[in-house]
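Here are the chains, one letter per residue:
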Amino acid sequence: MLTYIVLLGPPGVGKGTQSKFIANELDLPHISTGDIFRANIKQGNELGKLADSYISKGKLVPDDVTIALLRERFTQPDCKNGAILDGFPRTPAQADALEILLNSLGGRVNLVLFITAPAESLIERLAGRWSCRAQGHVFHERFNLPKVKGVCDIDGSELYQRDDDKAETVLNRIEIYKNQTAPLIQYYTERKLLTEVNGIESIEAVSTEIKSVLKKVLPSG
Ligand code: AP5
Ligand code: MG
């Protein structure tokens, strides 16, 4: 069976953190469009340069570019049983494109986990976040410490602070989220796919809540 789970929520709410947990639980790939853009920025290629011109300002990368990127990612063999989608879709146009794409693969969105937390927590989480250069694993200087300062527990690569986690850019990202991404709450509520998860609790407590949602919603979850 094909399984597609979307993680929706504002910047810093814990989409990446919980996606890694769900991907492990369900043995599905974790696809973060933000991580893919950052890998291209690191390579310095044309896509990276284009993405950087938007990401550095906290703006969304244009829909056509992002949709083409996801379509390409879905052709990889690790996506044969589905995927955990972190940060895609982010606009109704992306959600429409996803529906068409999944239809063509014989699947559909099975569940949208909408994680929530107040703005002050988001800012605190992003200000203290350290991400790994190799694969985007995330840590926090207070809430999720790496075993060795500056080193990723999982793959040993260097931890760094994202440029777009500067206070000013974070506020832009939250505004853009409210204007362009929040309409997806209604979009997926109307389709009876949305489950809200309280993201203010500890990382472990949020994972436990998600695990119980997966059990209810997915026959084999
Ligand atoms: P993206 O990388 O997706 O950024 P984002 O949505 O802003 O989300 P973040 O990655 O900042 O936060 P998160 O929810 O993953 O939180 P995390 O788990 O790291 O996108 C970046 C940019 O790329 C966008 O601005 C846009 O320009 C572009 N882009 C990407 N996708 C696009 C698309 N589809 N269309 C167009 N443009 C696109 O957690 C944050 C911190 O908090 C960590 O330090 C973590 O350890 C900690 N933490 C997590 N949970 C908890 C908890 N429960 N308690 C305490 N601390 C916690
Ligand atoms: Mg993330």
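Above this text you will find the structure in question.
Please read these numbers as outputs of a predicted model, since none were measured by experiment.

**Student:** So what exactly am I meant to see when it comes to the overall build of the protein here?
**Tutor:** A count of helical and extended segments in the protein gives nine helices and eight strands. The globule rule puts the C-alpha radius of gyration for 221 residues at 17 Å, and the 16 Å found for the protein is close to it. Once the C-alpha set of the protein is aligned to its principal axes, its extents read approximately 45 × 40 × 35 Å. Each of the 221 residues in the protein was classed as buried or not, and the buried ones make up 48%. Sequence separation of 24 or more characterises 71% of the internal contacts of the protein that already satisfy a separation of 6 or more. Here the protein displays about 11,300 Å² of accessible surface, and carbon together with sulfur accounts for 53% of that area.

**Student:** Whenever I open this one, the site of ligand 1 confuses me. Can you help?
**Tutor:** As a structural note, the neighbourhood of ligand 1 is formed by 37 residues, with Thr17, Lys59, Arg90, Arg129 and Arg173 the closest of them. Residue Gly12 places a main-chain N or O atom 2.8 Å away from an oxygen atom belonging to ligand 1. Between ligand 1 and Thr33 there is a distance of 2.7 Å, counted from a nitrogen atom to a side-chain nitrogen or oxygen. Within the complex, 97% of the 1,000 Å² of free accessible area of ligand 1 lies under protein. Classifying every residue of the shell around ligand 1 gives 14 nonpolar, 13 polar and 10 charged.

**Student:** What am I meant to see in helix α6 (residues 119-127) here?
**Tutor:** Because each turn of an α-helix spans 3.6 residues, side chains separated by three or four positions end up pointing in the same direction. What α6 keeps buried is the set Ser121, Leu122, Arg125 and Leu126. Down the axis of α6, the smallest arc covering the buried residues is 125°, so these residues share one side. Close packing links the buried residues of α6 with β5 (129-132), β6 (138-140) and α7 (167-181).

**Student:** Would you mind going over the packing of α6 against α7 with me for this structure?
**Tutor:** Between two packed helices, the angle of one axis relative to the other and the distance separating the axes together describe the packing. Taken N-terminus to C-terminus, the directions of α6 and α7 make an angle of 135°; their axes are 11 Å apart at the nearest point. Taken together, the axes of α6 and α7 are oblique relative to one another. Crossing of α6 over α7 shows right-handed handedness. When α6 is examined against α7, the residues Leu122, Ile123 and Leu126 are found in contact with a partner set consisting of Val170, Leu171, Arg173 and Ile174. When the residues that make up the contact of α6 with α7 are grouped by side-chain class, the tally is six nonpolar, no polar and one charged.

**Student:** Help me out: how do you make sense of the sheet that holds strand β8 (residues 194-198) in this one?
**Tutor:** Backbone hydrogen bonds are what pair the strands of a sheet, in a parallel or an antiparallel way. Strand order in the open sheet formed by five strands is β2-β3-β1-β4-β8, and the pairing between neighbours is parallel. In this open sheet, the two strands that pair with only one neighbour each are β2 (30-32) and β8. Between one strand and the next, the sheet's axes are offset by a mean angle of 25°, whatever the strand orientation. Direction of pairing for β2 relative to strand β3 (residues 82-86): parallel, over a ladder of three bridges. Across the sheet, His30 pairs through a bridge with Ile84, a residue of β3. Across the sheet, helix α2 (residues 33-43) touches β2 and β3, and the angle it forms with β2 is around 65°.

**Student:** When you look at the pattern of salt bridges in this model, what are you seeing that I'm missing?
**Tutor:** A side chain of one charge can pair with a side chain of the opposite charge if their charged atoms are brought near each other. Going through the model one piece at a time under the given rule, you end up with 13 salt bridges. Across the pair Arg73 and Asp78 runs a salt bridge whose closest N-O atoms are separated by 2.7 Å. We classify Arg73 as buried; its relative accessible area is 18%. Here Glu124 makes a salt bridge to Arg142, at a shortest N to O gap of 2.6 Å. Of the two residues, Glu124 sits in helix α6 while Arg142 sits in the loop between β6 and β7 (159-160), which places them 18 residues apart along the sequence. Given a relative accessible area of 36%, Glu124 falls into the partly exposed group. Connected through salt bridges with shared partners, the residues Arg129, Arg162, Asp164, Asp165 and Arg173 form a single ionic network.

**Student:** Would you explain the environment of Leu194 in this entry?
**Tutor:** Relative to the helices and strands, Leu194 is located in strand β8. Apart from the residues lying within four places of it in its own chain, the contact partners of Leu194 are Leu8, Val112, Phe114, Ile185, Tyr188 and Thr189.

Conventions used here
- Residues numbered from 1 in each chain as written.
- Chains lettered and ligands numbered in written order.
- Predicted model: local features only at pLDDT ≥ 70, side-chain atom pairs only at ≥ 80, totals over all residues.
- Heavy atoms only, no water.
- Helix = DSSP H or I, 4+ residues; strand = E, 2+ residues; numbered from the N terminus.
- Rg over C-alpha atoms; globule rule 2.2 N^0.38 Å.
- Buried < 20%, exposed > 50% of the residue type's maximum accessible area, 1.4 Å probe, protein only.
- Contact = heavy atoms within 4.5 Å.
- Areas by Shrake-Rupley, 256 points an atom, 1.4 Å probe, with all protein chains shown as cover.
- Near = heavy atom within 4 Å.
- Polar contact = N/O pair within 3.5 Å; in protein donor to acceptor, adjacent residues only side chain to side chain.
- Nonpolar A, V, L, I, M, F, W, Y, C, P; charged D, E, K, R; others polar.
- Arc of directions from axis to C-beta.
- Axes fitted to C-alpha atoms, helices over the stretch in contact; angles between N-to-C directions.
- Parallel < 35°, antiparallel > 145°, perpendicular 65-115°, else oblique.
- Left-handed = near helix turned anticlockwise from the far one by under 90°.
- Pairing = 2+ DSSP bridges.
- Salt bridge = Lys/Arg side-chain N within 4 Å of Asp/Glu carboxyl O.

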